[in-house]
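# Analysis of the macromolecular model
This is what each chain is made of:
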Amino acid sequence: MITNETLKVIRQRRSIRSFKEEQIKDEEIQAILEAGMYAPNAGNQAWHFTVIQNKKLLEKLNLAAKQGAQQMDIEHLRALGNDKEFNCLYHAPTLIIVSGDEKAFVPLEADCAAATQNLLLAAESIGVGACWIFFVLLAFNSPLGTELRNELKLPEGYKPYYTAVFGYKDDIVGDVQDRKPNLITYIR
Ligand SMILES: Cc1cc2nc3c(=O)[nH]c(=O)nc-3n(C[C@H](O)[C@H](O)[C@H](O)COP(=O)(O)O)c2cc1C
């Protein structure tokens, strides 16, 4: 079996949901962002990365997302929205939102997803914990949605597609769950 540092990082990476309070270093954020910007993209880099490290704004996003979740048809999301203990950002000190230009000549979902995965892998490679977070996007469906867009200075016409949180791990990472077999077809 071939292995190297890149393959080890890919195998090792797990979603982290418990973080130390300490902020990660600026040079770590720079390395993570650079990896995001080197992702493959079909839209000629029509993406934008918003780094949020302001505690008050992170809490506002958490509360607005939970408010958004309370309006959803999906029972599981409603329950999380109503759970006082639940923090959809897991109290991580850093959140990155990856947005894409809605007027780009190709849909930006794939570009932004590729960038987000690069952020996660770069974080793992330098010992920073991370978790991809869908839930916080519900903040933009809440009554505070427009206010938050302005506060986050999202570029005009850009849609927040994906987000991830980052921080030093305070989780014991268990064994990596085996991936399902039989999900590959070879035609040779
Ligand atoms: C598009 C997407 C959205 C996700 N949203 C959330 C989320 O809102 N909250 C969360 O705790 N994990 C979220 N995750 C993380 C997944 O739960 C996690 O990747 C999955 O359980 C596999 O575990 P692993 O990342 O440790 O391999 C998301 C992952 C993806 C790809």
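What you see is a predicted model; the values in this text were computed from it and never measured. (Residues numbered from 1 in each chain as written. Predicted model: local features only at pLDDT ≥ 70, side-chain atom pairs only at ≥ 80, totals over all residues. Heavy atoms only, no water.)

## As for the UniProt feature "domain: Nitroreductase" (unreviewed entry) in the chain
As annotated by UniProt and renumbered to match this structure, "domain: Nitroreductase" (unreviewed entry) occupies residues 10–168. For residues 10–168, helix accounts for 40% and strand for 18%, while the C-alpha atoms at its two ends are 18 Å apart. (UniProt positions renumbered as here; feature names shortened; annotations may be inferred. Helix = DSSP H or I, 4+ residues; strand = E, 2+ residues; numbered from the N terminus.)

## Considerations on the site of the ligand
Around the ligand sit Arg13, Arg14, Ser15, Arg17, Tyr90, Cys131, Trp132, Ile133, Phe134, Phe135 and Arg179, and those are all the residues in its vicinity. Interatomic distance of 2.5 Å between a side-chain N/O atom of tyrosine 90 and an oxygen atom of the ligand. Within the backbone of phenylalanine 134, an N or O atom sits 2.9 Å from an oxygen atom of the ligand. Out of a free accessible area of 620 Å², the ligand has 60% covered by protein chains. Classifying every residue of the shell around the ligand gives six nonpolar, one polar and four charged. (Near = heavy atom within 4 Å. Polar contact = N/O pair within 3.5 Å; in protein donor to acceptor, adjacent residues only side chain to side chain. Areas by Shrake-Rupley, 256 points an atom, 1.4 Å probe, with all protein chains shown as cover. Nonpolar A, V, L, I, M, F, W, Y, C, P; charged D, E, K, R; others polar.)

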